[in-house]
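# Breakdown of the fold
Read off the chains here:
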Amino acid sequence: PLNSCPIMAADVDKKTSEAERKTAEKNGLRTPASGSRFYRGVWTLMLVCAAPLVAYGIKYYQDTQLLKRHEESVRVLGAEGLFLFSSLDTDHDLYLSPEEFKPVAEKLTGITPSVDVDEEVIQDPDGETLTLEAKMQPLLLDSMTKSKDGFLGVSHSSLSGLRSWKSPAVPSSSFFASQFRVFLPPKNKADVGDTWWVIPSELNIFTGYLPNNRYHPPTPKGKEVLIHSLLSLFHPRPFVKPRFAPQGAVACIRGKNDFYYDIVFRIHAEFQLNDVPNFPFWFTPGQFTGNVVLSKDASHVRHFHLYVPNDRSLNVDMEWLYGASESSNMEVDIGYLPQMELQSTGPSTPSIILDEEGNILDRRDSSSEPIQFVFEEIHWSSEISREEAARHLEVTFYPFKKVPYFPFPEAFKKAEAEKKLVHSILLWGALDDQSCSGRTLRETVLESSPILALLNQSFISSWSLVKELENMQVSNKLGEKARLHLEKYSFPVEMMVALPNGTIVHHINANYFLDQTAMKPEEEGATVSFSAGFEDPSTSTYINFLKEGLQKAKEYTAQ
């Protein structure tokens, strides 16, 4: 038919062009289409190759400019001036943004702007309020190691912030009950014993630690706001995110019923006690812990308590710089803080009382007597002990505590009863809080699965403060065991394997241990074996230490 002719003509044209293309390719000629593809491929290859060069060029230019600005800053400001500038320059670009300059503006004007809060948290001005009282007894200076030689070599300016801090910055303050909703559990955490991160830790063994040369904490955001406000009652410069891991805050449901939770929490934070022109002085309590009893909608807080535990002989780590750089000498000491706590004066109460029709029956104001309320007693439908809740928090912060660590006297009793050896760690500061001298140890080998399994199977574990064993040595029936430990101790941390009678059969110092595990295989002629699966050198070295202890214990008992 006639209407099919154009189609047939088009088909003929297509076949002809296709035949021509094939003939051209066969004869080594390039058609326009193939040439276009070739040039596109060349340009793509050039772009791919050029991208790393361009990126390297940009990075080189940025580094060069940064180095020039650094040299100019040293020339203009001097070393100490640059140190102060760097304490504000949090992103290290040698420029101060308005956010970075804010601490200076606040200090000069005396005006502190409002902090950010979660968008969904809107405080009801007529909601219930809670009054907290802050109590504090200053650190006992004679508990510091440096006090033994009269603080010889320690400048007066270094300790000025510590010596002048005698009482809370704000003795009492009121909070809205709804602010404490930050402690409420997430939807997937509803059972007694469940734990969760209120403020997650952002540091680990790989990220390192935050800079020491800082004076002013960053602006708190979200759930950090309440923690910052609470700690500001003690001192005006709390750092909700401390320099060392593990940071943050963890909470656990201790008890619950249809209307209330009893939430136990643990917070790791620190304070900066010095200000310009003195160099920074960091004051790091071992931990803040406590509990809050509140309604499930956070409209009412029955009880709040926060405190630094004082049941150990030393509970605060202190570090201060001696020079105007991050690499300057850092002095370290540890001491005892008798008291630092916040306590609610009573349950939260409303500012107005309404009848069923919404009419105001009574109103609280500053000039009148407080409204009197009678509160029902709370009975928990499900609960665990405070000690068990604390252990849940501890394991969340420190996975190495999956193996229980017993007090020194109890550890030897259990070892004798269970016919096991004692895996004992003796150190300057606590192993399971922020006043610790064994950070690297607990964040690496002690929490590895093979070591947890071996410790659980063959040992009773314990850690002790040197100061506590020194006291025990002269005033306790365990004095001989304490003396044997102290004989083997070298600063800062000593790991030991002991018989139930206190005899030390094997020991290794933490510094020597870390030196051994840091050696490169080629330096020692060692080889890496993958036959039994990969194990990092520190884990395998510590396993060998424990196994050698087991073997030496057999030799002792065979004598």
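Structure: above.
Given the structure is predicted, the values throughout are model-derived calculations rather than measurements. (Residues numbered from 1 in each chain as written. Predicted model: local features only at pLDDT ≥ 70, side-chain atom pairs only at ≥ 80, totals over all residues. Heavy atoms only, no water.)

This next bit is on the overall build of the protein chain. Within the protein chain, the secondary structure is distributed over 14 helices and 21 strands. Residues counted as buried form 44% of the 559 residues belonging to the protein chain. A sequence separation of at least 24 residues applies to 71% of the contacts in the protein chain between residues at least 6 apart. Accessible surface for the protein chain amounts to roughly 30300 Å². Of this, 55% is attributable to carbon and sulfur atoms. (Helix = DSSP H or I, 4+ residues; strand = E, 2+ residues; numbered from the N terminus. Buried < 20%, exposed > 50% of the residue type's maximum accessible area, 1.4 Å probe, protein only. Contact = heavy atoms within 4.5 Å. Areas by Shrake-Rupley, 256 points an atom, 1.4 Å probe, with all protein chains shown as cover.)

What follows deals with empty space enclosed by the protein. Taken as a whole, this structure holds 1 cavity of 30 Å³ or more when the rule is applied. What the largest cavity holds in volume is close to 30 Å³. (1 Å grid on protein atoms, 1.4 Å probe; cavity = no way out; pocket = protein on both sides within 12 Å on 5 of 7 lines; lining within 4 Å. Points joined across faces, edges and corners; volume = space filled by probe spheres on them.)

Now for the side chain of Gln 434. Topologically, Gln 434 is positioned in the loop between strand 18 (421-427) and helix 8 (439-443). Taking the relative accessible area as the measure of exposure, Gln 434 reaches 3% and is therefore buried. Within the structure, the side chain of Gln 434 is placed 3.3 Å from the backbone oxygen of Phe 244, a separation counted as a polar contact. Here Arg 442 takes part through its side chain, which lies 3.3 Å from a polar atom of the side chain of Gln 434. Apart from the residues within four sequence positions on either side, Gln 434 is in contact with Pro 242, Phe 244, Ala 245, Pro 246, His 268, Thr 284, Pro 285, Gly 286, Asp 317, Tyr 398, Arg 439 and Arg 442. (Polar contact = N/O pair within 3.5 Å; in protein donor to acceptor, adjacent residues only side chain to side chain.)

Okay, the nonpolar core next. Counting residues in hydrophobic clusters, the biggest one holds 61 residues, and the most contacted among them are Tyr 405, Ile 425, Leu 441, Leu 446, Met 495, Tyr 542 and Leu 546. If you look at the next biggest cluster of nonpolar residues, it comprises 53 residues, including Leu 226, Leu 231, Leu 273 and Leu 306. (Core = buried A, V, L, I, M, F, W, Y, C linked by side-chain atoms within 4.5 Å.)

With that out of the way, let us pick up unusual backbone geometry. Along the chain, Ala 245 connects to Pro 246 via a cis peptide bond; the corresponding omega equals -5°. Inspection of the secondary structure puts Pro 246 in the loop between strand 4 (238-239) and strand 5 (248-256). A cis amide bond links Val 276 to the next residue, Pro 277, at an omega of 15°. For Pro 277, the location among the structural elements is in the loop between strand 7 (270-272) and strand 8 (281-285). Phi at Phe 151 takes a positive value of approximately 55°, unusual for a residue other than glycine.

Pairing is antiparallel in the open sheet, where 5 strands are placed in the order 4-7-8-11-12. In this open sheet, the two edge strands, each paired with only one partner strand, are strand 4 and strand 12 (330-335). (Pairing = 2+ DSSP bridges.)

Turning next to the sheet that holds strand 18. Strand order in the open sheet formed by 5 strands is 17-19-18-20-21, with mixed pairing between adjacent strands. Looking at the sheet topology across the chains shown, the edges are occupied by strand 17 (405-406) and strand 21 (504-509). Alignment of strand 20 (residues 493-498) against strand 21, held across 5 bridges, turns out to be antiparallel. Looking at the pairing, Glu 494 lines up with Asn 509 of strand 21. Sheet strands in contact with helix 9 (residues 449-458) are strand 17, strand 18 and strand 19 (459-465), and its direction is about 105° off that of strand 19. (Axes fitted to C-alpha atoms, helices over the stretch in contact; angles between N-to-C directions.)

Quick look at a nonpolar patch on the surface now. Where nonpolar side chains cluster on the molecular surface, the patch consists of Tyr 39, Val 42, Trp 43 and Met 46 and spans about 450 Å² of accessible area. For Met 46, the position within the fold is in helix 2 (residues 32-88). (Patch = residues over 30% accessible without salt bridge, like charges linked within 9 Å, V, L, I, M, F, W, Y side chains within 5 Å. Salt bridge = Lys/Arg side-chain N within 4 Å of Asp/Glu carboxyl O.)

Along the chain, Ser 424 falls in strand 18. Assessed through its relative accessible area of 1%, Ser 424 is described here as buried. For Ser 424, the side chain forms a polar contact with the side chain of His 485, separated by 2.9 Å. Setting aside chain neighbours within four positions, we find Ser 424 in contact with Ser 462, His 485, Glu 494, Met 495 and Met 496.

Time to look at the packing of aromatic side chains. Using the criterion set out here, one finds 19 aromatic pairs in the structure. Taking the centre distance of 5.4 Å and the plane angle of 65° together, the rings of Trp 165 and Phe 271 count as edge-to-face. With Trp 165 in the loop between helix 4 (160-164) and strand 2 (172-176) and Phe 271 in strand 7, this residue pair connects regions lying 106 residues apart in the sequence. Comparing Trp 165 with Phe 271 shows no difference in burial state: the two are buried. Aromatic ring contacts, followed pair by pair, group Phe 175, Phe 180, Phe 183, Phe 265 and Phe 304 into a single cluster. Lying across the ring of Phe 151, Arg 163 places its NZ or CZ 5.4 Å from the centre. When the ring centre of Phe 412 is taken as origin, the NZ or CZ atom of Lys 481, which lies over that ring, is 5.8 Å away. (Phe/Tyr/Trp six-rings, centres within 6.5 Å; stacked < 30°, edge-to-face > 60°. Lys NZ or Arg CZ within 6 Å of the ring centre and 35° of its normal.)

Along the polypeptide, Ile 378 turns up in the loop between strand 15 (360-363) and strand 16 (382-383). With a relative accessible area of 17%, Ile 378 lands in the buried category. For the pair Ile 378 and Tyr 261, spaced 117 residues apart in the sequence, the C-alpha separation amounts to 10.0 Å.

On to the pattern of salt bridges, then. The tally for this structure, following the rule as stated, stands at 16 salt bridges. The partner of Arg 243 in a salt bridge is Glu 270, and the shortest N-O contact between them spans 3.1 Å. Taken together, the positions of Arg 243 in the loop between strand 4 and strand 5 and Glu 270 in strand 7 put the pair 27 residues apart, joining distant regions of the chain. Assessed through its relative accessible area of 0%, Arg 243 is described here as buried. With a shortest N-O distance of 3.6 Å, Arg 302 and Glu 376 are connected by a salt bridge. In this pair, Arg 302 is assigned in strand 10 (residues 301-307) and Glu 376 in the loop between strand 15 and strand 16, connecting sequence segments 74 residues apart. Given a relative accessible area of 45%, Glu 376 falls into the partly exposed group. Here the salt bridges share partners, and the residues they tie into one network are Glu 202, Glu 224 and Lys 241.

All quantities given are derived from atomic positions and should not be read as evidence of function.
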